[in-house]
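Reading the structure
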Amino acid sequence: KILVIGAGGQLGSELTQGLWNVYGKENVIATDVKEPQGILTEGNFEILDVLKQKNLFDFIQKNNITQIYHLAAVLSATGEKNPKFAWHLNMDGLIHVLDAAVEFKIDKVYWPSSIAVFGPNTPKVNTPQDTVMDPATIYGISKLAGERWCEWYHNKHGVDVRSLRYPGLIGYKTKPGGGTTDYAVDIYFKAIAEKKYDCFLKPDTFLPMMYMDDAVKATLDLMEAPAEKIKVRSSYNISSMSFSPEEIANNITKHIPDFKISYTPDFRQAIADSWPKSIDDTAARKDWGWQPQFDLQRMTKEILANLHSTTEVL
Ligand code: VAH
């Protein structure tokens, strides 16, 4: 059985749906610390707090869990407001899962990292798989430390833990969860609802981004690859596109001609400025055949078409 921890989040909800589609609802138990909403309400869900180690261990034993997708975390922007809790959840949550993997000989563990592990001194263009990493947020520090823990548990205890450094993830099925790249999700909802959006980043803030369907596919492809193909046990760079608020706004205007964007940069600008502009994902493409399907044009078309059909557009 597969356990998803943090299934209620932006990535968790869509990854859970992807896992239900592939493995069947009865084989994938979605869990979070609060009751589900949206796309999760139709499935196999239970309350579970990864910080309560005994509850986690009992849950794994009772449900014969053989794989764990551990997605519960505090993201970059929220983490800067609650740094101690961000460190606590992001680090102790991961270590509870890695200890459970050893204790119950879990077949495979998935844990998401992020481009937030890179910082001001990291090369910003085509950021390499192995490079200088000086993350400037508690979230990024916890993801960098988490990568080190994953590699250590793999080398010391043989845990088959796999990870991806996601760029900003963009989907229309769930609200974003307190990240710096959330503008790229909000902009679509606001374009449909109000034909205008006030962006919290400057117009020329280029960031690596990815459509949620590509992120879910990359995750399932990584987890289904034979173990001998997985050469990176910290976390793989993956990328599909980079764009700025100005570029995504221009793309939306092609579909909604009177869409208007304005800019009011806030504390998240400094976080975005510390991250790369583009990522080199050669290793992922070579080791397990990573191949994105969505660029900005195709993503915008897909999201607006789906939002049009789900929200009353006057
Ligand atoms: C965040 N969406 O903004 C996440 C992600 C690269 C960004 O890690 O914190």
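If you look the protein up in an unreviewed UniProt entry, it shows as NAD-dependent epimerase/dehydratase family protein from Chryseosolibacter indicus. Under Sequence similarities (unreviewed entry), UniProt gives the following word-for-word description of the protein: "Belongs to the NAD(P)-dependent epimerase/dehydratase family."

1. Quick look at the nonpolar core
Judged by nonpolar contacts, the single largest core of 39 residues is most densely connected at Ile170, Tyr183, Tyr188, Phe243, Ile248 and Met299. Contributing elements (two or more residues each) for this core: helix H5 (138-157), helix H6 (183-194), strand S10 (196-199), strand S11 (207-211), strand S13 (241-243), helix H8 (245-253), helix H9 (268-273) and helix H11 (296-310). In terms of residue count, the dominant contributor to this core is H6 (seven residues). Dropping the residues within four chain positions of it, Met299 is found in contact with Ile170, Tyr188, Tyr211, Met241, Phe243 and Phe294. In this structure, Ala30, Leu40, Tyr69 and Ala284 belong to the second largest nonpolar core, which totals 34 residues.

2. Here we look at the site of the ligand
Taken together, Leu75, Ser76, Ser114, Ile115, Tyr139, Tyr166, Pro167, Gly168, Gly179, Thr180, Thr181 and Trp275 form the complete shell of residues around the ligand. In this structure, a nitrogen atom belonging to the ligand sits 3.1 Å away from a side-chain N or O atom of Thr181. Taken together, the residues that form the shell around the ligand break down as six nonpolar, six polar and no charged.

3. Some remarks on the side chain of Thr122
Mapped onto the elements, Thr122 comes out in the loop between strand S6 (113-114) and H5. Assessed through its relative accessible area of 4%, Thr122 is described here as buried. In this view, Thr122 contacts Thr127, Thr131, Val132, Met133 and Asp134; residues no more than four positions away in its chain are not counted.

4. Details of the pairing of strand S1 (residues 2-5)
Neither face of S1 is left uncovered, since the one carrying Ile2 and Val4 and the one carrying Leu3 and Ile5 both have all their residues buried. When S1 meets strand S2 (residues 28-32), the two strands line up parallel, connected through four bridges. Bridge pairing links Leu3 to Ile29 in S2. What joins S1 to S2 is helix H1 (residues 10-23), and the crossover it makes is right-handed. Both S1 and strand S4 (residues 67-70) contribute to a ladder of four bridges, which runs parallel. Residue pairing for S4: Leu3 is matched across the bridge by Ile68.

What counts and how
Along every chain, residues carry numbers that run from 1 in the direction the sequence is written. Restriction of local features to residues with pLDDT of at least 70 applies here, the model being predicted, together with a cutoff of 80 or more for giving and counting side-chain atom pairs; totals for whole chains, interfaces and linings are based on all residues. Side-chain descriptors were evaluated using all non-hydrogen atoms of the structure, hydrogens and water having been removed beforehand. UniProt positions are given in the numbering used here, feature names are shortened, and annotations may be inferred rather than shown by experiment. Only buried residues count toward a nonpolar core, which is a set of Ala, Val, Leu, Ile, Met, Phe, Trp, Tyr and Cys residues joined through side-chain atoms within 4.5 Å. Partly exposed describes any residue whose relative accessible area lies between the buried limit of under 20% and the exposed limit of over 50%, with all areas from a 1.4 Å probe on protein chains only and scaled to the type maximum. Secondary structure counts use DSSP, requiring at least four H or I residues in a row for a helix and at least two E residues in a row for a strand, with both numbered from the N terminus. For this analysis, residues touch if any pair of their heavy atoms sits within 4.5 Å. Nearness of a residue to a molecule or strand requires only that one of the residue's heavy atoms be within 4 Å of it. Distance and chemistry together define a polar contact, namely a pair of N or O atoms within 3.5 Å, with one atom able to donate a hydrogen and the other to accept it when in protein, and with adjacent residues in sequence counting only for side-chain atoms on both sides. Residue type decides the class: Asp, Glu, Lys and Arg count as charged, Ala, Val, Leu, Ile, Met, Phe, Trp, Tyr, Cys and Pro as nonpolar, and the leftover types, Gly among them, as polar. A pair of strands counts as paired when DSSP detects no fewer than two bridges linking them. Crossovers are marked right-handed if the path from the first strand over the helix to the second runs clockwise, as seen with the strands pointing away from the viewer.

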